[in-house]
Amino acid sequence: MRERTTSGSPFEDQFGFCRAVRVGDRIIVAGTGPVEADGSTTPGDVAAQARRCCEIIIGAIEELGGSASDVVRTRMFLTDPDDQDAVGAVHARYFSGAKPAATMAGAAWLCRPEWKVEIEAEAVLGAGS
């Protein structure tokens, strides 16, 4: 059985995807940009944008029955390599308890030109136990 959740991002309907999908004990969260509830981009620096991405990701995982401690994999995409320490610090704040396998990579661009970071995640229910 497949369960889905959305976050209200305008890109979900536009591009035909959902924020996260749960199949069995696995939750896969799509690449998540810094989008506010009204569809605007999160204001502020890369750390503020990364915090918003993590909040959306964790909210989706919780809605599907998991928690941040169940996260086993993250991928962080940055448009500026100088932002890696700031994004890494935010990642540690949200996921250091789970210590997931993680990738941080450069990207030439993201969906909106003002986005500095996009993050995706995978969780396995019970992995945090």
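Residues numbered from 1 in each chain as written. Predicted model: local features only at pLDDT ≥ 70, side-chain atom pairs only at ≥ 80, totals over all residues. Heavy atoms only, no water.

Asker: Which parts of the structure should I look at to understand the overall build of the protein chain?
Answerer: For the protein chain, the count of helices and strands is 3 helices and 6 strands. The C-alpha atoms of the protein chain give 14 Å as radius of gyration, which agrees with the globular expectation for 129 residues (14 Å, within 12%). With the C-alpha coordinates of the protein chain rotated into their principal frame, the extents come out at 35 × 30 × 20 Å. Scored against the burial criterion, the 129 residues of the protein chain give a buried share of 43%. Taking contacts inside the protein chain between residues at least 6 apart in sequence as the whole, the part at least 24 apart equals 70%. For the protein chain, the exposed surface amounts to about 6600 Å²; the carbon and sulfur share of it is 49%. If you average the places of the 13 positive and of the 19 negative side-chain charges in the protein chain, the two averages end up 4 Å apart. (Helix = DSSP H or I, 4+ residues; strand = E, 2+ residues; numbered from the N terminus. Rg over C-alpha atoms; globule rule 2.2 N^0.38 Å. Buried < 20%, exposed > 50% of the residue type's maximum accessible area, 1.4 Å probe, protein only. Contact = heavy atoms within 4.5 Å. Areas by Shrake-Rupley, 256 points an atom, 1.4 Å probe, with all protein chains shown as cover. Lys, Arg positive; Asp, Glu negative; His and termini not counted. Charge placed at Lys NZ, Arg CZ, Asp CG, Glu CD.)

Asker: Before we go on, may I ask you to explain the pairing of strand β4 (residues 71-78) in this structure?
Answerer: It is a general feature of regular strands that their side chains alternate between the two faces of the sheet. Looking at chain direction, β4 and strand β6 (residues 117-124) are connected through 7 bridges and run antiparallel. For V71, the partnering residue across the bridge sits in β6 and is A123. As paired strands, β4 and strand β5 (residues 101-106) are joined by 6 bridges and run parallel to one another. By the bridge assignment, L78 is partnered in β5 with G106. Since β4 and β5 lie parallel, the crossover through helix α3 (residues 84-95) that links them has a hand, and here it is right-handed. (Pairing = 2+ DSSP bridges. Right-handed = clockwise from strand over helix to strand, strands pointing away.)

Asker: It is not clear to me how unusual backbone geometry should be interpreted in this structure. Could you clarify?
Answerer: The bulk of non-glycine residues show a negative phi, and the bulk of peptide bonds are trans. The residue K99 is not glycine, and still its phi comes out positive at about 45°. Turning to its location among the elements, K99 is positioned in the loop between α3 and β5. We classify K99 as exposed; its relative accessible area is 67%.

Asker: Where do I start with α3 in this structure?
Answerer: For an α-helix, the turn length of 3.6 residues means that residues three or four places apart are oriented alike. End to end, α3 covers 16 Å across 12 residues, agreeing with the expected 16 Å (1.5 Å per residue, within 8%). The inward-facing, buried residues of α3 contact α2 (46-63), β4, β5 and β6. (Expected span 1.5 Å × (residues − 1).)

Asker: Where do I start with the side chain of E122 in this structure?
Answerer: Looking at the element boundaries, E122 is found in strand β6. For E122, the side chain forms a polar contact with the side chain of R75, separated by 3.1 Å. With sequence-adjacent residues up to four places away left out, E122 is seen in contact with R26, I27, I28, D70, V71, V72, R73 and R75. (Polar contact = N/O pair within 3.5 Å; in protein donor to acceptor, adjacent residues only side chain to side chain.)

Asker: Just to check I follow, could you spell out the pattern of salt bridges for this structure?
Answerer: When the charged atoms of two side chains with opposite charge come close together, those side chains can pair. Overall, the coordinates contain 6 salt bridges when judged by the stated rule. Ionic pairing is found between E12 and R19, a salt bridge with its closest N-O pair at 3.2 Å. Here E12 falls in the buried class, since its relative accessible area comes to 4%. Note that R75 is salt-bridged to E122, the shortest N-O span being 3.1 Å. (Salt bridge = Lys/Arg side-chain N within 4 Å of Asp/Glu carboxyl O.)

Asker: How should I be thinking about the sheet that holds strand β1 (residues 2-5) in this particular structure?
Answerer: Strands pair in a sheet through their backbones, by hydrogen bonds, and they do so in one of two ways: parallel or antiparallel. The strand order across the open sheet built from 6 strands is β1-β2-β3-β6-β4-β5, with neighbouring strands paired in mixed fashion. Here the strands that pair on one side only, and so sit at the sheet edges, are β1 and β5. Sheet twist, expressed as the mean angle between neighbouring strand axes with direction ignored, is 10°. Relative to β6, strand β3 (residues 26-32) runs antiparallel, the two sharing 5 bridges. Looking at β6, one finds that I28 is bridged to E122. In the packing of α2 onto the sheet, the strands contacted are β1, β2 (20-23), β3, β4 and β6, and the crossing angle to β6 comes to about 25°. Packing of α3 onto the sheet brings it into contact with β4, β5 and β6, and relative to β4 it is tilted by some 160°. (Axes fitted to C-alpha atoms, helices over the stretch in contact; angles between N-to-C directions.)

Bear in mind that shape data such as this cannot, by itself, settle questions of function.
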